[in-house]
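Architecture at a glance
Here is what each chain is made of, one letter per residue.
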Amino acid sequence: MPYIEKTYNENNELIKARIRVSNGYTPDGRKKTQSHTWLPSPKMTELQKHKALEKAAREFEDECKGGSKAVNTVKFQALCERWFENFASRKLKASTIDLYRGFCGRVYDKIGHIRIDKITPETIDEFISWLERERVDSESTALFTGNLKAILNERKIKQCELARLADVSPQTIKSIIDGNKTKKANAEKIAAALGAKYGAMFRTVKSDKRLSPKTVKNYVSLVSSVFDYGCRLRMIKENPCKNCIMPSIPHKDLNMMTRAQAQQFVEILNRPDTPIKYRAFFYLALFGGLRRGEILGLEREDIDFENGLIHIRRTTHYSKQRGFYDTEPKTVKSRRALPLPSFVFQTIRQLQNEQLSMRLALGDQWINTNRLFTTDKGGQMGGSTPLNWLRKTCERNNLPKVNVHSFRHLNASMLIANGADVKSVQLLLGHSQASTTLDIYCQGFQDHQAQALNSVADALLTDIKPISASAAR
């Protein structure tokens, strides 16, 4: 039976009532209750008020017991932590979890303290508006002010040893040596590991940029996923994020090399002084359109020299908590076999022969990972290694600043320009749906279709002169 708390005025007239319904217990033993404030119509008599109140109490209890009204007093932060533990840890990649964990500070500050049944679409819209006004952390990155490599050489400390002492990744140390910014938290740990104060080795790099629309969308994606989880557990009736107003994400042109610049880059790859591992890596990126993680995840048995096929079976990622780890390819259709030109396989064979020589030279010190792309000691190559080489190479040769993924776009664009249909491009790139391919490369397909239609006109009008405007009159 629901508990009803009635409130009367000085004339002993019922002016409102509080209806409370109990519906079981939480996992920690607390009683779960849901309350509802009932207000009578001013035109009701006292008898009508009491009858209407009894009816409202029964209906409210039926709603709660039947599950059409969620009965929960859990606050958003508690539900979010439960989502991380019971859902995200089993369903999401570690990199995605790390991204969402980085959002928790702002999310918890704004809505973490609010009961999930009290968060409305209006609450979410206000949260989005606040995010759009927020600025990127102004003191979140730092730049090394001296020569870290020289300091390490002077103290006879290896990069991997400093990474271990500072509890950061080896890629972070290498990135700092290459002159790149790093997280301020990493900089503070590195300075402490070297026995120095943060300000003596690093300077803070401030930013006044606002959060991008894409970042705001990612924040809402986290919140919405948590509410979806709450709906599955029947803790709330519906997700308040469903009808919220999302910021518009401006269209960005794909940043990639032109055909002439790509030809220049291939010439650079073919120079005798280009390390064979980078030649092989970027051959796969450019001629195969592979994702960076797919290339890093290649193993010896994935290379079918006899049939000229590269088998994509895994993707390699890096997380500070987990180190290097593998996952299934991004989509079901990302697991694929690609036929590549013979010179790509010749380059891979050269890379394997080089690794064999290095393995024989190092003996027991060689780390046997069976990976195609490794460090000089056989360990897993990190994603920053080819990226840093690419950036330096582009800068030295006056080529545009691009990332590894841009070669995937270049590969697709050249496939389209050479007459490949949507389905073929989809399968070669490993997109789960043809619509994804169309969304990304719509303009390329439209241009190719226009060329095809013009070719029809050229073929039919070879010996026919179109009627001129004056003749038509």
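Residues numbered from 1 in each chain as written. Predicted model: local features only at pLDDT ≥ 70, side-chain atom pairs only at ≥ 80, totals over all residues. Heavy atoms only, no water.

Our next topic: the sheet that holds strand 6 (residues 202-205). A sheet is described by the order of its strands in space; here three strands give the open sequence 5-4-6, paired in antiparallel fashion. Single-partner strands in this sheet number two, and they are strand 5 (182-183) and strand 6. Here strand 4 (residues 141-144) pairs with strand 5 via two bridges, running antiparallel. When the sheet's bridge partners are listed, Thr141 is paired in strand 5 with Lys183. (Pairing = 2+ DSSP bridges. Helix = DSSP H or I, 4+ residues; strand = E, 2+ residues; numbered from the N terminus.)

It is at 8 Å that the axes of helix 5 (residues 148-155) and helix 7 (residues 170-177) come closest, and there the two elements cross at 115 degrees. Residues Leu148, Lys149 and Leu152 of helix 5 form the contact with helix 7, whose participating residues are Ile173, Ile176 and Ile177. (Axes fitted to C-alpha atoms, helices over the stretch in contact; angles between N-to-C directions. Contact = heavy atoms within 4.5 Å.)

Taken together, the side chains of Lys110, Arg133, Arg135 and Arg210 present a region of like positive charge at the surface. Counting through the fold element by element, Arg133 comes out in helix 4 (residues 121-133). (Patch = residues over 30% accessible without salt bridge, like charges linked within 9 Å, V, L, I, M, F, W, Y side chains within 5 Å. Areas by Shrake-Rupley, 256 points an atom, 1.4 Å probe, with all protein chains shown as cover. Salt bridge = Lys/Arg side-chain N within 4 Å of Asp/Glu carboxyl O. Lys, Arg positive; Asp, Glu negative; His and termini not counted. Charge placed at Lys NZ, Arg CZ, Asp CG, Glu CD.)

Looking now at the pairing of strand 8 (residues 309-312). One face of the sheet, then the other: side chains in a regular strand alternate in exactly this way. As judged from the two bridges shared by strand 7 (residues 303-304) and strand 8, these two strands associate in the antiparallel manner. When the sheet's bridge partners are listed, Asp304 is paired in strand 8 with Leu309. Between strand 7 and strand 8, which pair antiparallel in sequence order, lie four residues; one of them, Gly308, sits at a positive phi of approximately 65 degrees. Pairing between strand 8 and strand 11 (residues 336-339): four bridges, direction antiparallel. Following the sheet pairing, Ile312 is matched in strand 11 by Arg336.

A few words now on helix 10 (residues 213-232). Compared with the 28 Å implied by 1.5 Å per residue over 20 residues, the 28 Å span of helix 10 between its first and last C-alpha is a close match. Looking only at helix 10, the buried set comprises Val216, Tyr219, Val220, Leu222, Val223, Ser224, Val226, Phe227, Tyr229 and Gly230. Tucked inside the fold, the buried residues of helix 10 contact helix 2 (76-91), helix 3 (94-112) and helix 4. Backbone geometry just after helix 10 places Arg234 at a positive phi near 60 degrees. (Expected span 1.5 Å × (residues − 1). Buried < 20%, exposed > 50% of the residue type's maximum accessible area, 1.4 Å probe, protein only.)

With antiparallel pairing, the three strands of this open sheet are ordered in space as 7-8-11. The open sheet is flanked by strand 7 and strand 11, the only strands paired with a single partner.

As judged from the four bridges shared by strand 4 and strand 6, these two strands associate in the antiparallel manner. Paired with Leu143 across the strands is Arg203, a residue of strand 6.

Our next topic: the side chain of Asn388. Here Asn388 shows up in helix 15 (residues 384-396). A polar contact of 3.1 Å, which involves the side chain of Asn388, links it to the side chain of Asp178. Setting aside residues up to four positions removed in sequence, Asn388 forms contacts with Lys174, Asp178 and Asn180. (Polar contact = N/O pair within 3.5 Å; in protein donor to acceptor, adjacent residues only side chain to side chain.)

Interpretation in functional terms is not warranted from these geometric data alone.
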